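For reference, the chains in residue letters:
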Amino acid sequence: ADDFSFEEHNSTPHLCTLDATAAGDGYVNPLLLLLYLLPWTQSFCLGSLSASQFALSDELGFLFHMMRASAGSCCQPRNFHRALKQSREASALHLVDVVDVEGSLLSKAPLWSTICKFVPFLLEQLRREAREAKLAAARSREEAD
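Model, not experiment: these values are computed from the prediction.

*Asks:* How do you make sense of a nonpolar patch on the surface when you look at a structure like this?
*Replies:* A surface patch of nonpolar side chains, amounting to about 280 Å² of accessible area, comprises W40, V119 and L123. Its place among the elements puts V119 in helix 7 (residues 111–144). Judged by relative accessible area, V119 falls into the partly exposed class, the value being 34%.

*Asks:* Is there a simple way to think about unusual backbone geometry in this case?
*Replies:* The phi angle of most residues is negative, glycine excepted, and most peptide bonds adopt the trans form. Positive phi is not limited to glycine here, since H94 has a value of about 60°. As for its placement among the helices and strands, H94 is situated in the loop between helix 6 (88–92) and helix 7.

*Asks:* Mind showing me how you'd approach the pattern of salt bridges here?
*Replies:* Note on pairing: side chains with opposite charge can pair once their charged atoms come close. Applying the stated rule across the entire model yields 4 salt bridges. The partner of E59 in a salt bridge is R82, with the nearest N and O atoms 3.7 Å apart. One end of the pair, E59, is in helix 4 (residues 56–69); the other, R82, is in helix 5 (residues 78–86), with 23 residues separating them in the sequence. A relative accessible area of 7% means that E59 is categorised as buried. A salt bridge links E124 to R127; its shortest N-O distance comes to 2.6 Å.

*Asks:* Any chance you could explain the confidence of the model for the protein chain here in plain terms?
*Replies:* If pLDDT is low for a region, its predicted coordinates should not be looked at in detail. Put simply, the protein chain has an average pLDDT of 81, and 78% of its residues get 70 or more. Within the protein chain, helix 4 carries the highest mean pLDDT (90), whereas helix 1 (residues 6–9) carries the lowest (58).

*Asks:* Looking at this structure, how should I read the packing of aromatic side chains?
*Replies:* For any pair of aromatic rings, the description rests on two quantities: the centre-to-centre distance and the angle between the ring planes. Throughout the structure, instances matching the rule amount to 3 aromatic pairs. Ring centres of F118 and F121 lie 6.4 Å apart, and the angle between their planes is 45°; on these two criteria the pair is classed as tilted. Of this pair, F118 and F121 both sit in helix 7, separated by 3 residues, roughly a single helical turn. Taken as a pair, F118 and F121 share a single burial class, namely buried. Site record: aromatic cluster; members linked through ring pairs are Y27, F118 and F121.

*Asks:* Please clarify how the nonpolar core should be interpreted in this entry.
*Replies:* Generally speaking, nonpolar side chains in soluble globular proteins are found buried as a group. Membership of the largest hydrophobic core comes to 26 residues, with the highest contact counts inside it found for L60, M67, F80, F118 and L122. Listing elements by their share of this core, those giving two or more residues are helix 2 (29–37), helix 4, helix 5 and helix 7. Sequence-distant contacts of F118, that is, excluding residues within four places in its chain, are made with Y27, V28, L31, F80, L84 and L95.

*Asks:* I tried to follow helix 7 on my own but got confused; where do I start?
*Replies:* Residues three or four positions apart in an α-helix share a direction because the helix packs 3.6 residues into each turn. Here helix 7 is 34 residues long and its end C-alpha atoms lie 49 Å apart, about the 50 Å a rise of 1.5 Å per residue gives. Along helix 7, the residues that are buried comprise S113, T114, F118, F121, L122, Q125, L126 and E129. Looking at the buried side of helix 7, the elements it contacts are helix 2, helix 3 (39–46), helix 4, helix 5 and helix 6.

Conventions and cut-offs
- Residues numbered from 1 in each chain as written.
- Predicted model: local features only at pLDDT ≥ 70, side-chain atom pairs only at ≥ 80, totals over all residues.
- Heavy atoms only, no water.
- Patch = residues over 30% accessible without salt bridge, like charges linked within 9 Å, V, L, I, M, F, W, Y side chains within 5 Å.
- Areas by Shrake-Rupley, 256 points an atom, 1.4 Å probe, with all protein chains shown as cover.
- Salt bridge = Lys/Arg side-chain N within 4 Å of Asp/Glu carboxyl O.
- Helix = DSSP H or I, 4+ residues; strand = E, 2+ residues; numbered from the N terminus.
- Buried < 20%, exposed > 50% of the residue type's maximum accessible area, 1.4 Å probe, protein only.
- pLDDT = per-residue confidence, 0-100.
- Phe/Tyr/Trp six-rings, centres within 6.5 Å; stacked < 30°, edge-to-face > 60°.
- Core = buried A, V, L, I, M, F, W, Y, C linked by side-chain atoms within 4.5 Å.
- Contact = heavy atoms within 4.5 Å.
- Expected span 1.5 Å × (residues − 1).

In structure tokens, the structure reads:
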């Protein structure tokens, strides 16, 4: 990707490109762009910071911040992909290492099937992390009183 000009193929100054060359899970990048454009996911993820090391909402928040700051250029969602690979649920659903760097399918399942499993997985994970954050905030308010 060092010699590839992302800016040459991205004519919008408002939306960045996500580099898919470094991850075996580049199929999720269009979905990450879609989530970035949804105000509620952008707001939640940008305002979220979990105590957990591999919270997908935190990594999306960091990625969304980079995407906002680098509109029109390219971002690399490596930390999000790393956090995704740490998820036992994502591994059990065969959502990680689905394609190689050239885009060849490594999984026996068709890519559309993997994408159809990824969307509910990620939305459920974000819901779970939001609920955990709300409970943690309530506990800390109780401790402060």
